[in-house]
Amino acid sequence: MDEKFDIEYLEALSKLKIDDAEKEKFAKDFANIIKFVDQITQLDLPELEDRSKAVCLSQLREDEVVEKEECDVVANAPGYQALMERFFSEYPYSKLIPQIKFRHAQNLFYSGNYEEALKFFDEIKPKDIYKSDRTEYLFNKAYCNLELQQYDLAYERFSEVNKLPFSDYTGPSAYALGYIRYNGQDFKEALSWFEKSVKDARFASFSNWYIVECRFMLKDYAFVTKEGEAMLKSVPEERKPYLSRLISESYLVLGDAESARKYLDLNSASGTQKNRKDWFHSGSVMYALGDYASAIEHFNKMG
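This structure is a prediction, so every number in the text was calculated from the model and none was measured.

Colleague: Give me the lowdown on the overall build of the protein chain, citing residues and values where you can.
Modeller: Within the protein chain, the secondary structure is distributed over 17 helices and zero strands. Looking at the protein chain as a whole, 48% of its 303 residues are labelled buried. Expressed as a percentage of contacts within the protein chain between residues at least 6 apart in sequence, the contacts between residues at least 24 apart total 55%.

Colleague: Got a sec to walk through the confidence of the model for the protein chain? Specific residues and values, please.
Modeller: Detailed reading of the predicted coordinates is not advisable wherever pLDDT is low. Averaged over all residues, the pLDDT of the protein chain is 80; the fraction at 70 or higher stands at 73%. No element of the protein chain has a lower mean pLDDT than helix α4 (residues 68-75), at 36, and none a higher one than helix α11 (residues 187-197), at 98.

Colleague: Explain helix α5 (residues 80-90) to me, using residue names and the numbers behind them.
Modeller: Looking at α5, one finds that the buried residues are Tyr80, Leu83, Met84, Phe87 and Phe88. Projected onto a plane normal to the axis of α5, the buried residues spread over an arc of 140° and lie on a single side.

Colleague: Describe the packing of aromatic side chains, naming the residues involved and giving the relevant values.
Modeller: For the structure shown, the criterion picks out 23 aromatic pairs. Measuring from centroid to centroid gives 5.4 Å for Phe109 and Tyr114, while their planes differ by 80°, and the two rings are edge-to-face. Neither Phe109 nor Tyr114 differs from the other in exposure class; each is buried. Taken together, the aromatic side chains of Phe102, Phe109, Tyr110, Tyr114, Phe121, Tyr137 and Tyr143 make up a single cluster linked through ring pairs. Positioned above the aromatic ring of Phe88 is the side chain of Lys101, whose terminal nitrogen or guanidinium carbon lies 5.7 Å from the ring centre. Above the ring of Trp193, the side-chain terminus of Lys196 is found at 4.5 Å from the ring centroid.

Colleague: An account of the packing of helix α10 (residues 170-183) against α11 is needed here, citing residue identities and associated values.
Modeller: Packed helices, taken two at a time, are described by the angle between their axes plus the distance between the axes. Orientation of α10 relative to α11, taken along the N-to-C sense of each, is 160°, at an axis distance of 8 Å. Considering their axes alone, α10 and α11 lie roughly antiparallel with respect to each other. Crossing of α10 against α11: the hand is left-handed. Where α10 approaches α11, its residues Gly171, Ala174, Tyr175, Leu177, Gly178, Tyr179, Arg181 and Tyr182 are matched on the opposing element by Phe187, Glu189, Ala190, Trp193, Phe194, Lys196 and Ser197. Per-class residue counts for the contact of α10 with α11 are nine nonpolar, three polar and three charged.

Colleague: Account for the packing of α10 against helix α12 (residues 204-217), with residues named and values stated.
Modeller: α12 packs onto α10 with a crossing angle of 30° between their chain directions and a minimal axis gap of 11 Å. Taken together, α10 and α12 sit at an angle that is classed as roughly parallel. Regarding α10 and α12, the two cross each other, and that crossing is left-handed. For the pair α10 and α12, the contacting residues are Tyr175, Tyr179 and Tyr182 in the first and Phe206, Ser207, Tyr210, Glu213 and Cys214 in the second. Grouping the constituent residues of the contact of α10 with α12 by class yields six nonpolar, one polar and one charged.

Colleague: An account of unusual backbone geometry is needed here, citing residue identities and associated values.
Modeller: Even without being glycine, Gln149 reaches a positive phi, approximately 60°. Positionally, Gln149 belongs in the loop between α8 (134-147) and α9 (151-163). Not every positive phi belongs to a glycine, and Gln185 is a case in point at roughly 65°. Tracing the sequence through the fold places Gln185 in the loop between α10 and α11.

Reading the values: the criteria
Residues numbered from 1 in each chain as written. Predicted model: local features only at pLDDT ≥ 70, side-chain atom pairs only at ≥ 80, totals over all residues. Heavy atoms only, no water. Helix = DSSP H or I, 4+ residues; strand = E, 2+ residues; numbered from the N terminus. Buried < 20%, exposed > 50% of the residue type's maximum accessible area, 1.4 Å probe, protein only. Contact = heavy atoms within 4.5 Å. pLDDT = per-residue confidence, 0-100. Arc of directions from axis to C-beta. Phe/Tyr/Trp six-rings, centres within 6.5 Å; stacked < 30°, edge-to-face > 60°. Lys NZ or Arg CZ within 6 Å of the ring centre and 35° of its normal. Axes fitted to C-alpha atoms, helices over the stretch in contact; angles between N-to-C directions. Parallel < 35°, antiparallel > 145°, perpendicular 65-115°, else oblique. Left-handed = near helix turned anticlockwise from the far one by under 90°. Nonpolar A, V, L, I, M, F, W, Y, C, P; charged D, E, K, R; others polar.

Below, the structure is given as structure tokens:
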């Protein structure tokens, strides 16, 4: 997957809100597991520290709400999978099992182990976990497909998320759907999704970037010159050469060779190494300006 997409996407997702009521539900369920673990005296797991057990066991008090991060100390302790499997074996019909599997899949997901996380997500039916967890479940499952380059499945599942009532995952799912279609060079549909995800503040800058690219690929050059010039002031430095090139090409197609040269010069000033397409474009700009000697020089550098 595109590294820029992956990093920016996860940074935006990290800003999702965690529902306090769900923290409490998870705490009470996990407390039941800890009660079971406490009874298995013959199981030697020294890494499950008394302090960590106390953190979750204290949640048996009705007037206290566990912090998810504290329970994760136990959930992510080495050996917790063995306790989880023992619980499944001793209580195979427990209604807690789907929710426990969901939390385990979440641990795998947020550690970047998407393949293993997907295996556990696939074992869960949405109706068997908390209703308020179902949108996140569907979204994370789709994201696993995306990371594993299973684009058709990812598209199908992100579409399902996007059809649900508005949530913190509506914008991210639209952005992912846009990326999938962009990656598949269906720029028209990609544009329609990015125009939805741009309304989510977390994805506004990313979506605007792809909107300009899609408009360029759809030959809407007037849009690129107008919006691209405004974007140059705010995009990261490493993106400016590429954006300048798009603007320059757009001006050349629109017949404004002087403006095309202006943005070509901005691109050249960045010091970015030129390829054959770059030399062809710069040669075309020189030719449009009537500077034939420079045009020939640039064309000759195409190799």
